[in-house]
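Chain by chain, the residues:
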Amino acid sequence: MNKLVLITGATSGIGLGCARKFAENGDRLILTGRNEQRLAEICQELSDKGTKVMTLTFDVRDREAAKKCINNLPTEWRAIDVLVNNAGLALGLEPEYEGSLEDWETMIDTNIKGLLTMTRLVVPGMVDRNHGHIINIGSVAGDAAYAGGNVYCATKAAVKALSDGLRIDVANTAIRVTNLKPGLVETNFSNVRFHGDTERAAKLYTGIKPLTGEDIADVAVYAANAPEHVQIAEVLILATHQASGSVIVRK
């Protein structure tokens, strides 16, 4: 059965990969992001292939903007089957005692508070309908800290705890909760982390074939389409030559 899927941070990387993969699956999409022009381009790309798409331009850090967009969805777009909490970022790779307070605030507000805002706005409807699936994009960084990762790792550890907590909270319903934990994925993630230093970002992927946004999207679509009695609770997805968040063999 075709689903209505809401994906946050859908303009690039894993979010864009999810948009394309769920579209291939025949699902309707609500795509959110901060870049209105990019959302329009993706909407056009997918609409040309027959996918029904709605776009919402807001930053998940802006609770009132998110609330306004979700609460004013047209009736036919309100029964969201799958929420993909993808919007997130890393900023900086400094020791914790040298980190930027502004970077920390942005990561916490996006990766934790933004996820909570979207969960709070969308999941009550799922509970009322006794149907739905929340897919949170966590990280291998949430399993153990790595050098310079400190606050980012903490936010992704929070995603795991929030996923586990929500799964407990909805265990008496037919709602499923999945935490996907990617390792090294080649997107604009590192460009953002290093504040646009593309040369430094490129070095992160030297000597190893990293994952792609589409690789993670494949797992998301699989989880969303598992039989109703099957809950894919957590999946760690690594490149072949990556063993953990800090162990990467480069050749």
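Our subject in this report is the structure included herewith.

### Here's the deal with helix H3 (residues 63–71)
For an α-helix, 3.6 residues make a turn, and residues three or four places apart therefore share a direction.
For step 1, the next point in the chain: Taken together, the buried positions of H3 are occupied by Ala 66, Cys 69 and Ile 70. End-on, the buried residues of H3 take up no more than an arc of 90°, which puts them together on one face. Turned more than 90 degrees off the buried face of H3, the exposed positions are Glu 64 and Lys 68.
For step 2, the next point in the chain: Those residues of H3 that are buried lie in contact with strand E1 (4–7), strand E3 (53–57) and helix H4 (101–129).

### Brief notes about the packing of helix H1 (residues 13–24) against helix H2 (residues 36–47)
For step 1, the next point in the chain: Where H1 meets H2, the axes come as close as 11 Å, and the angle between the chain directions of the two elements is 20°. In terms of their interaxial angle, H1 and H2 are classed as roughly parallel. Of the two possible hands of crossing, H1 and H2 adopt the one that is right-handed. Between H1 and H2, the residues in contact are Leu 16, Ala 19, Arg 20 and Ala 23 and Arg 38, Ile 42, Glu 45 and Leu 46, respectively.

### Observations regarding the sheet that holds strand E4 (residues 82–85)
For step 1, the next point in the chain: Spatially, seven strands are ordered E3-E2-E1-E4-E5-E6-E7 in an open sheet, and the strand pairing comes out parallel. The sheet is open, and its two borders are formed by E3 and strand E7 (234–237), each paired with just one other strand. Each strand axis lies, on average, 15° off the axis of its neighbour in the sheet, ignoring direction.
For step 2, the next point in the chain: One ladder, built from three bridges, connects E1 with E4; its direction is parallel. The partner of Leu 6 across the bridge, within E4, is Leu 83.
For step 3, the next point in the chain: Each of E1, strand E2 (28–33), E4, strand E5 (133–137) and strand E6 (176–182) touches H1; the most contacted strand, E1, lies at about 170° to it.

### A word on the environment of Lys 209
For step 1, the next point in the chain: Following the sequence through the fold, Lys 209 ends up in the loop between helix H7 (198–203) and helix H8 (213–224).
For step 2, the next point in the chain: Judged by relative accessible area, which is 75%, Lys 209 ranks as exposed.
For step 3, the next point in the chain: In this structure, the C-alpha to C-alpha distance between Lys 209 and Arg 120, residues 89 residues apart in sequence, is 37 Å.

### A look at the layout of surface pockets
For step 1, the next point in the chain: In this model, the largest pocket occupies a volume close to 1,100 Å³.
For step 2, the next point in the chain: Around the largest pocket, the lining is made up of 50 residues, and of these Gly 88, Leu 89, Ala 90, Thr 187 and Phe 189 lie nearest the centre.
For step 3, the next point in the chain: Only H1, E2, H4, helix H5 (150–169) and helix H6 (189–193) provide two or more residues apiece to the lining of the largest pocket.
For step 4, the next point in the chain: The element best represented in the lining of the largest pocket is H6, accounting for four residues.
For step 5, the next point in the chain: Classifying every residue of the lining of the largest pocket gives 22 nonpolar, 21 polar and seven charged.
For step 6, the next point in the chain: In this structure, the second largest pocket encloses a volume near 170 Å³.
For step 7, the next point in the chain: Taken together, Ile 70, Asn 71, Leu 73, Arg 78, Ile 80, Leu 121, Val 122, Pro 124, Gly 125 and Arg 129 make up the lining of the second largest pocket.
For step 8, the next point in the chain: Secondary-structure elements contributing two or more residues to the lining of the second largest pocket are H3 and H4.

### Quick word on H1
For step 1, the next point in the chain: Taking 1.5 Å per residue, 12 residues should reach 16 Å; H1 reaches 17 Å between its end C-alpha atoms and fits that length.
For step 2, the next point in the chain: Within H1, the full set of buried residues consists of Ile 14, Gly 15, Leu 16, Gly 17, Cys 18, Ala 19, Phe 22 and Ala 23.
For step 3, the next point in the chain: Of the residues flanking the end of H1, it is Gly 26, one or two places downstream, whose phi is positive at about 90°.

### What to know about the pairing of E7
For step 1, the next point in the chain: By the alternation rule, side chains of E7 split into Val 235 and Ile 237, which are all buried, and Glu 234 and Leu 236, of which none is buried.
For step 2, the next point in the chain: Sheet analysis places E6 next to E7, joined by four bridges and oriented parallel. Paired with Asn 179 across the bridge in E7 is Glu 234.

What counts, and at which threshold
Residues numbered from 1 in each chain as written. Predicted model: local features only at pLDDT ≥ 70, side-chain atom pairs only at ≥ 80, totals over all residues. Heavy atoms only, no water. Buried < 20%, exposed > 50% of the residue type's maximum accessible area, 1.4 Å probe, protein only. Helix = DSSP H or I, 4+ residues; strand = E, 2+ residues; numbered from the N terminus. Arc of directions from axis to C-beta. Contact = heavy atoms within 4.5 Å. Axes fitted to C-alpha atoms, helices over the stretch in contact; angles between N-to-C directions. Parallel < 35°, antiparallel > 145°, perpendicular 65-115°, else oblique. Left-handed = near helix turned anticlockwise from the far one by under 90°. Pairing = 2+ DSSP bridges. 1 Å grid on protein atoms, 1.4 Å probe; cavity = no way out; pocket = protein on both sides within 12 Å on 5 of 7 lines; lining within 4 Å. Points joined across faces, edges and corners; volume = space filled by probe spheres on them. Nonpolar A, V, L, I, M, F, W, Y, C, P; charged D, E, K, R; others polar. Expected span 1.5 Å × (residues − 1).

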